[in-house]
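A look at the structure
Spelled out, the chains give:
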Amino acid sequence: MADSEHPKIPEKGLGHDEVLEMLRRFKEGDANYRDSKTWSLVYYLGEEHTRFLIDAFALYFSENALNPMAFKSLKRFEHEVVRMSAALLQGDGNVVGTMTSGGTESCLLPVMAYRDRAAAKKVFRSRKPEMIAPESIHVAWEKAARYFGVKMVHAPLRSDLRVDVEAVRKRINKNTVLIVGSAPSYPHGVIDPIGELGALALEHNLPFHVDSCLGGFLLPFVEQLGGEVPPFDFRVPGVTSISADVHKYGYSAKGASVILYRDMDYLKHQFFVHESWPGGVFISPALLGTRPGGAIAAAWAALKALGMDGYLELARRVMETTRALQEGIRSIPELEILSNPEMSVFAYRSTAKKANIYAVGDVMEEQGWLVDRLQRPEALHAMVTPLHERIVDKFVTDLKQSVERVLADPSLAKQGNAALYGMIAKVPLRGLVKKEVLKMMEQIYGPEMKMPY
Ligand SMILES: Cc1ncc(COP(=O)(O)O)c(C=O)c1O
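On a predicted model such as this, the values are computed, not experimentally measured, just so you know. (Residues numbered from 1 in each chain as written. Predicted model: local features only at pLDDT ≥ 70, side-chain atom pairs only at ≥ 80, totals over all residues. Heavy atoms only, no water.)

**Overview of the sheet that holds strand E5 (residues 208–211)**
So the rule is basically this: Strands are treated as partners if at least two bridges between them are detected by DSSP. Comment: elements are numbered from the N terminus, with helices defined as DSSP H or I runs of at least four residues and strands as E runs of at least two. In this description, a line fitted to the C-alpha atoms serves as the axis of each element, helices being fitted only across the stretch in contact, and the angle between N-to-C directions of two axes falls anywhere from 0 to 180 degrees. The contact rule is simple, with two residues in contact once any of their heavy atoms fall within 4.5 Å.
Pairing in this open sheet of seven strands is mixed, and the strands run E1-E7-E6-E5-E4-E2-E3 from one edge to the other. The open sheet has two edge strands with one neighbour each: strand E1 (96–100) and strand E3 (151–155). Along the sheet, successive strands turn relative to each other by an average axial angle of 20 degrees, direction set aside. In terms of strand pairing, strand E2 (residues 130–134) meets strand E4 (residues 176–182) through three bridges, oriented parallel. When the bridges of E4 are listed, Met131 appears paired with Leu178. Its contacts with the sheet put helix H5 (residues 139–148) on E2, E3, E4 and E5, and the angle it makes with E3 is roughly 145 degrees.

**Details of the site of the ligand**
Where we set the bar: Here a residue counts as near a molecule or strand whenever at least one of its heavy atoms sits within 4 Å of it. Two N or O atoms form a polar contact when they lie within 3.5 Å of each other; inside protein one atom must be a possible hydrogen donor and the other a possible acceptor, and for residues adjacent in sequence the pair counts only when both atoms belong to side chains. Only the protein chains shown count as cover for residues, and the accessible areas themselves come from Shrake-Rupley with a 1.4 Å probe. Three classes are used: nonpolar for Ala, Val, Leu, Ile, Met, Phe, Trp, Tyr, Cys and Pro, charged for Asp, Glu, Lys and Arg, and polar for all others, with Gly counted as polar.
Looking at the ligand, the residues that line it are Gly102, Gly103, Thr104, Cys107, His138, Tyr186, Asp211, Cys213, Leu214, Asp245, His247 and Lys248. Backbone polar atom of Gly103 to an oxygen atom of the ligand: 3.0 Å apart, as the coordinates give it. When the free accessible area of the ligand is taken as 390 Å², the share hidden by the protein chains comes to 84%. Per-element tally for the shell around the ligand: the top contributor is helix H4 (residues 103–120), with three residues. Classifying every residue of the shell around the ligand by side-chain character gives four nonpolar, five polar and three charged.

**Examining the sheet that holds strand E13 (residues 379–383)**
Read from one edge of the open sheet, four strands run E10-E11-E13-E12, paired in antiparallel fashion. The open sheet has two edge strands, strand E10 (335–337) and strand E12 (372–374), and neither has a second partner. For this sheet the average axis-to-axis angle between neighbouring strands, irrespective of direction, equals 35 degrees. In this sheet, E13 lies alongside E12 in antiparallel orientation, the contact comprising three bridges. Looking across to E13, one finds that Leu374 is bridged to Ala379.

**Focus: the packing of helix H11 (residues 357–366) against helix H12 (residues 392–408)**
Operational definition: Oblique is the label for every angle not falling under 35 degrees (roughly parallel), over 145 degrees (roughly antiparallel), or within 65 to 115 degrees (roughly perpendicular). With the far helix as reference, a near helix turned anticlockwise by less than a right angle produces a left-handed crossing, and one turned clockwise produces a right-handed crossing.
At their nearest, the axes of H11 and H12 sit 9 Å apart, and the two run at 125 degrees to each other. Between H11 and H12, the angle is such that the two are oblique. Along this stretch, H11 crosses H12, giving a crossing that reads as right-handed. Note on element contacts: H12 touches H11 through Phe395, Asp398, Leu399, Ser402, Val403, Arg405 and Val406, opposite Ala359, Val360, Val363, Met364 and Glu366.

**Some points on unusual backbone geometry**
Backbone torsion omega between Ala183 and Pro184 reads -5 degrees, so that peptide bond is classified as cis. By the secondary structure assignment, Pro184 is in the loop between E4 and helix H7 (194–203). Of note, the amide linkage connecting Arg376 to Pro377 takes the cis form, showing an omega dihedral of -5 degrees. Along the chain, Pro377 falls in the loop between E12 and E13. Although it is not a glycine, Ser339 adopts a positive phi angle of roughly 55 degrees.

**A word on H4**
The condition is simple: Here, expected helix span is obtained from the residue count minus one, scaled by 1.5 Å. Any residue under 20% of the maximum accessible area for its type is buried, any over 50% is exposed, and the rest in between are partly exposed; the area is computed with a 1.4 Å probe on protein chains only.
Over its 18 residues, H4 runs 26 Å from end to end, which matches the ideal 26 Å to within 8%, given 1.5 Å per residue. With respect to burial, H4 is a largely interior element, 13 of its 18 residues being buried. Count one or two residues on from H4 and you reach Lys122, which has phi positive near 50 degrees.

**A short note on empty space enclosed by the protein**
Heads up, the rule is: Only protein atoms enter the 1 Å grid, on which a cavity is a set of points fitting a 1.4 Å probe that cannot get out and a pocket is an open set with protein on both sides within 12 Å along at least 5 of 7 lines, lining residues being those with an atom within 4 Å of a point. Grid points are joined across faces, edges and corners, and a volume is the space filled by probe spheres set on the points.
Scanning all chains against the criterion turns up one cavity of 30 Å³ or more. By volume, the largest cavity is sized at about 80 Å³. Surrounding the largest cavity, Tyr33, Ser36, Thr38, Trp39, Ser40, Val42, Tyr43, Tyr44, Met383, Thr385, Leu387 and His388 form its lining. Partitioned by chemical class, the residues of the lining of the largest cavity number seven nonpolar, five polar and no charged.

**A few points about the nonpolar core**
So the rule is basically this: Only buried residues count toward a nonpolar core, which is a set of Ala, Val, Leu, Ile, Met, Phe, Trp, Tyr and Cys residues joined through side-chain atoms within 4.5 Å. Domain delimitation in this document rests on an assignment produced automatically or drawn from a domain database.
Core analysis: the largest hydrophobic core is formed by 68 residues, its most contacted members being Tyr249 and Tyr251. With 13 residues, helix H10 (residues 293–330) is the single largest residue contributor to this core. In this structure, this core is formed jointly by two domains, domain 1 (58–304) and domain 2 (308–441), each of which donates at least three residues. Once residues within four sequence positions are removed from consideration, Tyr251 is found in contact with Tyr43, Leu45, His49, Leu53, Val246, Ala302, Leu306, Tyr311, Leu314, Val318 and Pro386.

**Topic: the packing of aromatic side chains**
Stated precisely, the cut-off is as follows: Aromatic contacts are taken between Phe, Tyr and Trp rings whose centres are within 6.5 Å, Trp giving its six-membered ring; a plane angle under 30 degrees counts as stacked, one over 60 as edge-to-face, and the others as tilted.
Summed over the entire model, instances satisfying the criterion amount to 16 aromatic pairs. Note on Tyr33 and Tyr44: the rings are 5.2 Å apart at their centroids and 80 degrees apart in plane angle, and the pair reads as edge-to-face. Highlighted residues: Tyr33 in the loop between helix H1 (16–26) and helix H2 (47–59) and Tyr44 in the loop between H1 and H2, separated in sequence by 11 residues. Take Tyr33: its relative accessible area is 23%, and that puts it in the partly exposed class. Overall, Tyr44 belongs to the buried group, its relative accessible area being 9%.

**Remarks on the pattern of salt bridges**
The line we're drawing: Salt bridges, as used here, are contacts in which a Lys or Arg side-chain nitrogen is within 4 Å of a carboxyl oxygen on Asp or Glu.
Inspection of every chain in the model, using the stated rule, returns 27 salt bridges. With a closest N to O distance of 3.1 Å, Glu47 and Arg34 form a salt bridge. Highlighted residues: Glu47 in helix H2 and Arg34 in the loop between H1 and H2, separated in sequence by 13 residues. With relative accessibility at 37%, the residue Glu47 sits in the partly exposed group.

Structure representation (C-alpha cells):
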C-alpha cells in the first residue's frame, strides 16, 4: 500500500518549502471559488481583502481568547465586534453577547442557554424541554436538539415557504423553552414572519431566537438600499436573541460569528463556570476552550476596514447581481425561482418534467460549476456574493445549455449524481437514507478515507 494511504509523521521533518509546495499542490482538485464557480462555502472578495484578513489573522495567530485577562486585546476586539453587531441589528445598550467559532456554535449555545434558563426558572414541570422551529430551520438546530437533549418540534411552512405562525402556536405547550425563526432560511432564502412570531413569544412569555447567521450582515444594508425587508432584528418586540455570522456576509476569516441576547438575564445561562476543578476555577463564555485569536482579530478588522459604506456598496453589488441572475434564470422557460426571497440566497427548480433539475446540476458541474442541491422540493441553490457579478452571463448561458442538454437526453436524469440525489430525495423511508449515509460517513472517516466520488 502506498505511503500516502497510511500516512505517518515523517521520521525526519521536511523542509518548509517542500511542505508548502505540497499544500499548494493538494489544492488543485478543490472547488474553484476564486473564479466565482461556487455558490456556497466561501465569501470571497478578491485577493486584496483576503491578504488583509490574513495579515490581521497573523497578528493574533498564537493568541488565545480562552483567558480574557491574558489577552486583553482579544477581549476588547470581541467586545467591540459584539457592540458593533448589536448596533447594526438595532439592539439597545443592554444587548450583550459573545463571539463564537461560527454559525453552528451560535445556534447550539442558545438552545443550551434557554433550556437551562427554563430549568432555573422552573417554567416547565416535566424534564422534556422542547423547541419549536420551522421545517426549514438550519440543521445546526437539529444538531443542538440532539446534543442538548431538547426535543425539536417542527412547524410546517406556508405556500410562500415562510413558517405558518398558527402552526407554531398550536405546538406551544408547557415543555416549550424556545421558539426559533430564520432571517433568512438557508434552503429558500426567505424571512419567517418575525413580527408575528415575536408577538406569539411575548404572549406566551417564551424566548424567541432569530437565526440570522446568513442575513445579519446583509439584510440591514439591503433595507438601507430600499429593499423590502420586514423588521427581523431587535426592533421586533419579543426577539430575545439573534445569531449573525461575520464569516459569511461580514466577509471575515472563517471561525467568526456572534450570538447576541437582549440582556444579561439570557446570556448568563450560556456561561460555564467550574469552581472546583483541580486545574483552578474555570470560566468559559461559549462552547470552545481554546479560542483562536486570529479569527477574532480578523472579524474586528473586517468590520473596521469595510465600514458601513463598504458593506452598503457590497450589498448593492450583491443585490444587483442577484436580480440579474434571477432574471436570467426566469428567462429559461423550464425553470422557476422558489418563492420570493428578500436577499441573495435562493433556490430554483424545474417546472418541466423532462428537465430533471439534478441532471441540470450534473451538466453544470461538468462545466466547472459547483452547484448545491436541495431536496423537498428538488431544486438547486445559490448564495450570491459580490464577485459573482463577473459571471452572470456565463452562468445563465451555461444553465440554458444544460437545460437544453437534459431536455434532449432525459437519460441523464438516470445517471451519475442526478440518479443518486433523485433516489435519495424520493425514498419515503428516511431512516433508510440515514442508515446509508451513515455507512458512507464510516467510509469517509474510516482508516482508508474512502471518498464516495
Ligand atoms: C441560517 C443558517 N444558520 C446556521 C448556519 C451554520 O453556520 P456555519 O456553517 O458557519 O456553522 C448556516 C450556514 O449556512 C445558516 O445558513
